[in-house]
Amino acid sequence: MNYPKELNYSKSHEWIKEENGVATVGISDYAQDALGDVVFVNLPAVGDAVTAGEAFGDVESVKAVSDLVSPVSGTVCEINEELVDAPEKLNKDPYGTWIIKVNEISDKEDLLNAESYEAFCAQEAK
Amino acid sequence: MSELKRTCLYQTHLDAGATMVDFGGWDMPVQYPSGIVSEHLYTRHNCSLFDVSHMGRLIVEGPERVKFLQHVLTSNVMALKLNQGQYCIIPNENGGAIDDAYLYLFEEDRFFLVVNAANTEKDLAYLQEKIKSFNCTIKNVSDEWASIAVQGPKSKEMLTTLSGGVQVTEPMRNALNSIELEGHFARIAKTGYTGEPLGYEVFIKTEDAKWLWNRLIELGAKPAGLGARDTLRLEAGLPLYGHEFGVDAGGKEIPIFAVPVGKVAVSFTPQKGDYIGRAALEKQSAALKRIREEDFSDMADLPRRLVPIALQDRGVMRAGMPIYKGDKHIGWLTSGTMVPYYLCEGQGITSRYSDETAKRAIGLAYVDSDIKTDDIVEVDIRGKRLHAVIVKEHMRVDSPPFARPIIYKLEEETEAKVGSDQHRMALDLIKLAQDNHQWRQKKCINLIPSENTASRAVQLLCQSDPSFRYAEHKKSLSFNNEDIFYYQGTKFIDQVEQMLVEQMRQYLGCTEVETRVISGQMANTAVFSALMDWKNRYNRRVEPQRLGYVLHNHILKGGHLSAQPMGALHDYAAIDPVTEKRAVVAFPVCADNPYKIDVEETKKIIDEYKPEFIIFGKSMVLHKEPVAAIKKFIDEQKMQTTIMYDMAHVLGLIGDHFQKPFAEGADIVTGSTHKTFFGPQRGVIGVNYKKDELKYGLWETIERRAFPGSVSNHHLGTQLGMLMAAYEMNTFKDAYQKAIIENAKYFAKCLKEAGLDVAGDPAISYTETHQVIVHVGYAQGPEVAERLEANNIIVNYQATPEEEGFTASGALRMGVSEMTRFGFGKDAFAKLAGLIADCVLNNRKVADEVEKLRSQYTEMKYCFNDAEMEEALNGFAGIIGL
């Protein structure tokens, strides 16, 4: 399982990277592995407001559906259109495949760094 | 978690990196590292292994085992013959399902019942209570046996490798067998839960399970978990207990008839007696019948039904989601997810899965019974209403080796292109017909065994005046049993018909001949209809009885369509009330030669079924039919069985070089006149009853069932041509038939020497007829036949007796009759065999060489081609202006 150092993580297994006031959000390697084959991603629209700790969409695997939880509050400024036709990219390359980008950030969840997140996942897997 | 049960393959799954879950109290693999989508797709194009050892395996034995099972199951247990399985349901009194199950008869004296893992204890407790009133026992043997489902197009090949080439099971679904797999005893069922046309469930002793699993992995199979098992069964539309059986999302019990396969599992035969749930099930069945007739006035006994549903908007449907039509809540999803599928490339029978895949959101829906296929409904997906359509099916499983996904498409209204310049089209048509004629007659080597080209004399006669006329006629007792004609201008036609009857009597060697039937299939239909009419002649005031047991060649063993219940026998074959199946039984074939009837086994079958009617004859035919041996046995048994030989393929071979059917004891011969015979496309019936015999009445019935029963206008042009063909045959048959048999044997030998896999017995040079069968690889027949056609060689692709049907054809069927008539001898067939082998084995282009070979043989033999005849024909052609 891979936990890149340069990213931060939520306890609901999203990763987040902030640059120049824009937060890029995806799901972690641990999340994609637990979901299994991702077959559909329900994306918000550009301009939608998202709230830290609340669902902004969902990701469906063959087995089940899981909420995508936003680690930040703000406005969706970009969505990854690629996922409409190729949701399996989330399995193949979870850190190279972002889901949404958020700007006008007003609030943030308590995030974990890579080391703490790895420990959190290890705990959860037990 | 420690109390979860483990199958004997538990460690194997862990070693393979499986993700394990609690499934009905069992610690089972839900998926392996490759993932559900990949496991699903691998099953569809190759072969997957599923550990289904968690399912319950029960044995029912003892004197009243049948009576007990008839009481506690929905199916007709009496329909099971040794080595057959059947789907069944354990019903409750309300007509709901306690469980669904599979019943197998691997051994005559005990039944093997497989139930769902999570229900095993419940089922066993229930059955143990019920069995108390019966003199038999039930025991749980789940620990002794493991079960591995081997599913997918490569499954047959893999298991056949392990059996050392021994046939795994008969090709039919639900067939069973007990065989050794590399020295390990296994019971094998041609069943499965994936919808794969090729799939097996293997029961093997627990201690051998790991060996079998690993051996199949070595051969290329991959493990698949419960996740893929669920998506595969959903795509196949198969129910899962707890979703489609049991209670619905509103807590109400789902009636058995609400599930499409429920109807298949339920029997109302009187011999089942008053079994558990029968009364409720009969009400459900009556309701289903009304609903199928689109009478929705009373749906109380079956308010909702399970139907396949496909999402049209983007998203994924899941079990439990409500479904609406307008504002009305009409039901729930019972199962749903996104499933992957292969896109197909190519068209028709040679189309194949491409490498490209896609996904679709599909499900099963439990909706109001008045909802119909193609209805658009809305599914509430977490508060959003998305459009979905009720479909007929998600997949078709009837074209082995591959399952075919059915993707819902709105049908586009296409306007038929009707041209308006008929003169132009007429000229084009002439050109096209001319090109086709040139290609087929001058460039192609035709090896279709059911075809022949007629001589010039026959062709010209077919086109002359009688071809525009009518000549209905019928014998009348009032006029000394003379034929009375209903049309004028028919005296010549009458003469021709009488002469034709005489020539055919001589040829067939029988007392009476009917020539008015215009095809072999019509000949058979007329005979079947006459047999049934004759059987019911004493009392015509009641519904006529259909024929009793009919013994025939099964279509998978080379039998002709016109002797199958799906073909010409359709309206005449009865239903056996005990088995509730067609009262048709197939000739057993030799274990070492599936092309040959096993006479000793046939006698046992005759003894058991006492057939009323025996039909010899096949369309894939390498051997003589054992008419004399069977006739002798029938006589010894003092049975009144009517013996017919459908000589469609071999009509032109009657004589010293093949068989004389009437001399051997056949009562009736039917045939088509254009395969090995020289005629235009017609049929013929001959019988060997004499006027003083009781069965002469059957002959008179056959005449009536020919006219007016089957045909009004009996195609008088081809009847005239047929007379010429009969003259030719009676003159040239000895030389022609000798050449046919010699050529076929030699052709088969040359094909073998050229490296092809020729079917049949090498000791007789493979064939005793005009046909030669060549194996080209499982399911490769259509592609190879297409390739040969592109190289000007015309053959049939053909399923062998081990194969599932025409889509799985692994052989080519070839006949030497037409080319023999064009003068092909040993040299030509040797050359042709080389060209075929080169094209089939090396994919070499041989079209030009084939055309060159063909061009050397264009003059027809075995017909009157002397100068006097030529002059007469030229004159005749001039007169008729053709």
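Remember, it's a predicted structure, so these values are computed and weren't measured experimentally. Each chain has its residues counted from 1, running along the sequence as written. Following the order in which they are written, the chains are lettered starting with A and the ligands numbered starting with 1. A pLDDT threshold of at least 70 governs which residues receive local features in this predicted model, and a stricter bar of 80 or more applies before side-chain atom pairs are shown or counted, although totals over entire chains, interfaces and linings include all residues. Hydrogens and waters are ignored; side-chain quantities use all the structure's heavy atoms.

**Here we look at the overall build of chain B**
Argument step 1. A helix here means a DSSP run of H or I that spans at least four residues, while a strand means a run of E at least two residues long, and both kinds are numbered starting from the N terminus. What chain B contains, in helices and strands, is 23 helices and 40 strands.
Argument step 2. Our radius of gyration is a C-alpha quantity, and the globule rule it is checked against amounts to 2.2 Å times the number of residues to the power 0.38. A compact globule built from 882 residues should have a C-alpha radius of gyration of about 29 Å, and chain B, at 31 Å, falls within 12% of that.
Argument step 3. Taking the principal axes of the C-alpha coordinates as reference, chain B spans close to 100 × 65 × 65 Å.
Argument step 4. Here the term buried applies to any residue with accessible area under 20% of the maximum for its type, exposed to any over 50%, and partly exposed to those in between, with areas from a 1.4 Å probe on protein chains only. Put simply, chain B has 882 residues, and 58% of those count as buried.
Argument step 5. Across chain B, contacts joining residues at least 24 apart in sequence account for 69% of those joining residues at least 6 apart.
Argument step 6. With residues, only the protein chains shown are counted as cover, and all accessible areas are computed by Shrake-Rupley using a 1.4 Å probe. If you sum the accessible surface of chain B, you get close to 37600 Å²; carbon and sulfur atoms cover 51% of it.
Argument step 7. Charge counting treats Lys and Arg as positive and Asp and Glu as negative, with His and both chain ends excluded. Lys charges are placed at NZ, Arg charges at CZ, Asp charges at CG and Glu charges at CD. Side-chain charges of chain B comprise 101 positive and 117 negative groups, with the mean position of each set lying 1 Å from the other. Should any heavy atoms of two residues lie within 4.5 Å, those residues are considered in contact.

**Some details on the domain arrangement of chain B**
Residues and elements named next belong to chain B.
Argument step 1. Reported domain spans reflect what an automatic or database domain assignment gives. Domain boundaries assigned for chain B yield domain 1 (10-232) and domain 2 (256-405).
Argument step 2. Summarising the inter-unit geometry, the C-alpha centres of domain 1 and domain 2 are found 25 Å apart.
Argument step 3. At the junction of the two partners, domain 1 supplies 33 residues and domain 2 supplies 29 residues.
Argument step 4. Interface area for domain 1 against domain 2, summed over the two sides, is near 2500 Å², with a carbon-plus-sulfur share of 66%.
Argument step 5. It is Leu41, Thr74 and Pro197 that lose the most area in domain 1 upon contact with domain 2, and together they represent 21% of the buried surface on that side.
Argument step 6. The rule for a salt bridge is simple: a side-chain nitrogen of Lys or Arg has to be within 4 Å of a carboxyl oxygen of Asp or Glu. Taken together, the links from domain 1 to domain 2 amount to zero salt bridges.
Argument step 7. Pairing of N or O atoms within 3.5 Å defines a polar contact, subject to two protein rules: one partner must be a possible hydrogen donor and the other a possible acceptor, and residues neighboring in sequence count only if both atoms are side-chain atoms. Our count for the contact surface shared by domain 1 and domain 2 stands at twelve residue pairs in polar contact (both at pLDDT 80 or more).
Argument step 8. Elements supplying a minimum of two residues to the side of domain 1 that touches domain 2: helix H2 (36-45), helix H3 (65-72), strand S5 (84-91) and helix H4 (120-130). Buried area, as used here, totals the accessible surface that two parts lose on assembly, with accessibility defined by a 1.4 Å probe and the loss added over both.

**Structural notes on the environment of Ala114 of chain A**
Residues and elements named next belong to chain A.
Argument step 1. The topology assignment puts Ala114 in helix H4 (residues 114-125).
Argument step 2. Its relative accessible area of 3% is what places Ala114 among the buried residues.
Argument step 3. In this structure, the C-alpha to C-alpha distance between Ala114 and Pro4, residues 110 residues apart in sequence, is 6.4 Å.
Argument step 4. Each residue touching Ala114, except ones within four places of it in the same chain, is listed here: Tyr3, Pro4, Lys5, Leu7 and Tyr9.

**A short note on the packing of helix H19 (residues 781-790) of chain B against helix H21 (residues 826-842) of chain B**
Residue and element names in this part refer to chain B.
Argument step 1. Every axis corresponds to a line fitted to the C-alpha atoms, with the helix fit spanning only the stretch in contact, and the corresponding angles, defined between N-to-C directions, vary from 0 to 180 degrees. Running from N to C, H19 and H21 point in directions that differ by 125°, and their axes come no closer than 10 Å. Judged by the angle between their axes, H19 and H21 are oblique. Judged by the twist between their axes, the crossing of H19 over H21 is right-handed. Counted together, Val784, Arg787 and Leu788 of H19 and Ile836, Cys839 and Val840 of H21 form the full contact between these two elements.
Argument step 2. Note that Gly is not counted as nonpolar here; it falls among the polar residues with everything else outside the nonpolar set of Ala, Val, Leu, Ile, Met, Phe, Trp, Tyr, Cys and Pro and the charged set of Asp, Glu, Lys and Arg. For the contact of H19 with H21, the residue count by class is five nonpolar, no polar and one charged. With respect to orientation, any angle under 35 degrees is reported as roughly parallel, any angle over 145 as roughly antiparallel, any angle of 65 to 115 as roughly perpendicular, and every other angle as oblique. For any helix crossing, the convention is left-handed if the near helix is rotated counterclockwise from the far helix by under a right angle, and right-handed if that rotation is clockwise.

**Comments concerning the sheet that holds strand S12 (residues 199-205) of chain B**
Residues and elements named next belong to chain B.
Argument step 1. Spatial ordering of the open sheet is given by S10-S11-S12-S9-S3-S13, a layout of six strands whose pairing is mixed. Two strands bound the open sheet, and with one partner strand each, they are strand S10 (176-181) and strand S13 (222-223).
Argument step 2. Relative to strand S11 (residues 184-189), S10 runs antiparallel, the two sharing six bridges. Within S11, the residue paired with Leu176 across the bridge is Ala189.
Argument step 3. Contacts from H2 reach strand S3 (48-51), strand S9 (145-151) and S13 within the one sheet, and its direction differs from that of S3 by about 115°. Two strands are counted as paired when DSSP detects at least two bridges linking them.

**Brief notes about the nonpolar core**
Residue and element names in this part refer to chain B.
Argument step 1. The set of buried Ala, Val, Leu, Ile, Met, Phe, Trp, Tyr and Cys residues whose side-chain atoms join them within 4.5 Å is what this entry labels a nonpolar core. With 101 residues, the main nonpolar core has Leu447, Phe747, Leu751, Leu832 and Ile836 as its most contacted residues.
Argument step 2. With 16 residues, helix H18 (residues 716-753) is the single largest residue contributor to this core.
Argument step 3. Excluding anything up to four places from it in sequence, Leu447 contacts Phe747, Ile793, Ile794, Val795, Arg813, Met814, Gly815, Met819, Phe829, Leu832 and Ile836.
Argument step 4. Membership of the second largest hydrophobic core comes to 76 residues, among which are Ala149, Leu311, Leu364 and Ala388.

**A few points about the sheet that holds strand S6 (residues 55-61) of chain A**
Residue and element names in this part refer to chain A.
Argument step 1. As summarised here, the arrangement of the three strands in space is S4-S6-S7, forming an open sheet in which the pairing is antiparallel. Strands at the two margins of the open sheet, each flanked by one partner only, are strand S4 (38-42) and strand S7 (65-69). Each strand axis lies, on average, 25° off the axis of its neighbour in the sheet, ignoring direction.
Argument step 2. In terms of strand pairing, S6 meets S7 through five bridges, oriented antiparallel. Its bridge partner being in S7, Asp58 is matched across the sheet by Asp67.

**What to know about the packing of helix H11 (residues 456-463) of chain B against H18 of chain B**
The geometry of a pair of packed helices is captured by two quantities: the angle between their axes and the separation between those axes.
Residues and elements named next belong to chain B.
Argument step 1. Running from amino to carboxyl end, H11 crosses H18 at an angle of 160°, the nearest separation of the two axes being 6 Å. Considering their axes alone, H11 and H18 lie roughly antiparallel with respect to each other. Judged by the twist between their axes, the crossing of H11 over H18 is right-handed. Every residue of H18 that contacts H11 at Ala457, Val458, Leu461 and Cys462 is listed here: Gly717, Thr718, Leu720, Gly721, Met724, Ala725 and Glu728.
Argument step 2. For the contact of H11 with H18, a count of residues per class yields seven nonpolar, three polar and one charged.

**Observations concerning the environment of Tyr117 of chain A**
Residue and element names in this part refer to chain A.
Argument step 1. For Tyr117, the location among the structural elements is in helix H4.
Argument step 2. Residue classification places Tyr117 among the buried residues on the basis of a relative accessible area of 0%.
Argument step 3. Through-space distance from the C-alpha of Tyr117 to that of Lys11 is 7.6 Å; in sequence the pair is 106 residues apart.
Argument step 4. Apart from residues lying up to four places away in sequence, Tyr117 is in contact with Tyr3, Tyr9, Ser10, His13, Ser28, Tyr30 and Leu112.

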